[in-house]
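# Report on the structure
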Amino acid sequence: MKRYTLLLFITFMLVIILIGGTTYLAGYADEPEEDKAEQSLTVYTTLPTENLAVLAADYEKAHKVKVHFVPLTEKELFIRMKENSKSLKDKGDLVLADREILQQAAVDGKFVKYVSEQSDLVPKKFKDENAFWVGTWYDPIVFCANRDYLKTLPRIPTTWNDLADFHNVRIGITDFLAADASSNLLFTLIAQYDENQVFTMLRKLHPKVIQYSKYLSTPVRMAGMGEVDISIAVQSETLRYINEGFPLVIIYPTDGTAYKLTGAGILKGTSNREAAKKFMDWLLGDEVQLVLQKNSFFFVPTNHATIAYKSFSGKNLVLFDNVTNLSAQQKHAVLDRWVKNIRLK
């Protein structure tokens with residue numbers, strides 16, 4: 001009897017173990033399927049692809065969401081947004097682009113509202129008043145000076161007029177026709193002051209300009225190599241060269257400066273709205289800044305609560321908030337007048 005009872009107990013325990021083991025194995029087998037079912041986001045963008053690859057890779061690794069960046073020209077982007085309600089293979093969820101593009105897309109009704117704790121920390125001047133887009137980071141124009149040259153000066157130029165009136169200085173600048181960040185400086189100065197005043201300043205600068213460069217990095221490299229004394233340059237390139245050991249010093253114009261704002265908006269018709277919101281929050285946090293800086297992209301975060309912004313040495317710089325309302329035709333006319341009256345003189 002005892003032996004029979006023992007056999008029943010052993011048989012019962014084996015059944016329990018077998019059932020439990022089967023249940024456990026079934027649950028374990030399901031987990032990889034969940035891992036494999038990664039969500040994906042498609043982002044239309046006008047930004048350089050080298051900036052985007054590092055963002056996509058890091059976000060996918062940390063959040064198990066695959067981000068497909070679709071690089072487009074401004075014209076292509078507006079065509080895609082117009083067709084986004086249709087069944088596209090790479091239907092967009094978000095747009096990552098310059099402020100001017102985001103403003104027009106918002107006017108055209110292409111975005112849904114986005115509000116979060118992160119976006120609430122962004123100053124009003126960096127986001128849409130109706131919450132259809134938000135700025136993520138910006139890149140100001142600075143005076144990039146050769147450190148050895150500065151040691152020879154009795155005083156340092158700290159304003160735009162100071163630089164225009166400075167004697168015996170060799171200046172580097174990116175041609176206004178060559179890059180949006182450079183032309184944006186011209187248009188912003190005109191919005192801040194007026195065209196006659198700005199053109200007077202540029203006429204004074206012109207004889208001192210050693211080279212009107214094609215690329216944003218060239219004036220910075222020239223200053224670092226001592227080929228010019230001071231360059232008018234984007235801060236991101238200046239910081240990149242400083243981190244590579246070039247003898248450069250940043251001077252922030254005390255009367256204010258132009259900046260290029262990058263931001264994002266969530267497209268109408270997306271079926272991934274919650275995932276898109278989470279990605280927007282990520283773009284406004286410290287994590288994205290760590291990724292960018294690790295890969296030598298140095299932009300100023302619009303979220304002033306981030307550690308990245310608090311550690312930024314130029315956080316008190318004055319930004320020109322007068323945004324030009326010039327049409328594309330008017331901008332073309334301004335550039336044409338600059339070429340004829342200053343550049344080719």
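Refer to the structure above for everything that follows.
Notes on the structure in this doc start here.

## Concerning the packing of aromatic side chains
- Applying the stated criterion to the full structure yields 15 aromatic pairs.
- Between the aromatic rings of Tyr-59 and Phe-279, the centroid separation amounts to 4.9 Å while the plane-to-plane angle is 85°, which identifies the pairing as edge-to-face. Of the two residues, Tyr-59 sits in helix H2 (residues 49-63) while Phe-279 sits in helix H12 (residues 273-283), which places them 220 residues apart along the sequence.
- Its relative accessible area of 3% is what places Tyr-59 among the buried residues.

## Some details on the environment of Phe-312
- Looking at the element boundaries, Phe-312 is found in the loop between helix H14 (307-310) and helix H15 (328-343).
- On a C-alpha basis, the gap between Phe-312 and Phe-299 in space is 9.8 Å, while along the polypeptide they are 13 residues apart.

## Let's talk about helix H4 (residues 99-107)
- Taken residue by residue, H4 has Arg-99, Ile-101, Leu-102, Ala-105 and Ala-106 as its buried positions. Take H4 and look down its axis: the buried residues cluster within an arc of 160°, on one side only.
- In this fold, the buried residues of H4 make contact with helix H3 (74-83), strand S3 (94-98), strand S4 (111-112) and strand S10 (259-267).
- Of the residues flanking the end of H4, it is Gly-109, one or two places downstream, whose phi is positive at about 75°.

## Let's talk about the packing of H2 against helix H13 (residues 286-294)
- Interhelical geometry of H2 versus H13 gives an angle of 130° and a closest axis separation of 10 Å. With respect to H13, the axis of H2 lies oblique. Note that H2 runs across H13; the crossing there is right-handed. On H13, the residues that touch Asn-51, Val-54, Leu-55, Asp-58, Ala-62 and His-63 of H2 are Glu-287, Val-288, Val-291 and Leu-292.
- Across the contact of H2 with H13, the residue classes tally to six nonpolar, two polar and two charged.

About the criteria used
- Residues numbered from 1 in each chain as written.
- Predicted model: local features only at pLDDT ≥ 70, side-chain atom pairs only at ≥ 80, totals over all residues.
- Heavy atoms only, no water.
- Phe/Tyr/Trp six-rings, centres within 6.5 Å; stacked < 30°, edge-to-face > 60°.
- Helix = DSSP H or I, 4+ residues; strand = E, 2+ residues; numbered from the N terminus.
- Buried < 20%, exposed > 50% of the residue type's maximum accessible area, 1.4 Å probe, protein only.
- Arc of directions from axis to C-beta.
- Contact = heavy atoms within 4.5 Å.
- Axes fitted to C-alpha atoms, helices over the stretch in contact; angles between N-to-C directions.
- Parallel < 35°, antiparallel > 145°, perpendicular 65-115°, else oblique.
- Left-handed = near helix turned anticlockwise from the far one by under 90°.
- Nonpolar A, V, L, I, M, F, W, Y, C, P; charged D, E, K, R; others polar.

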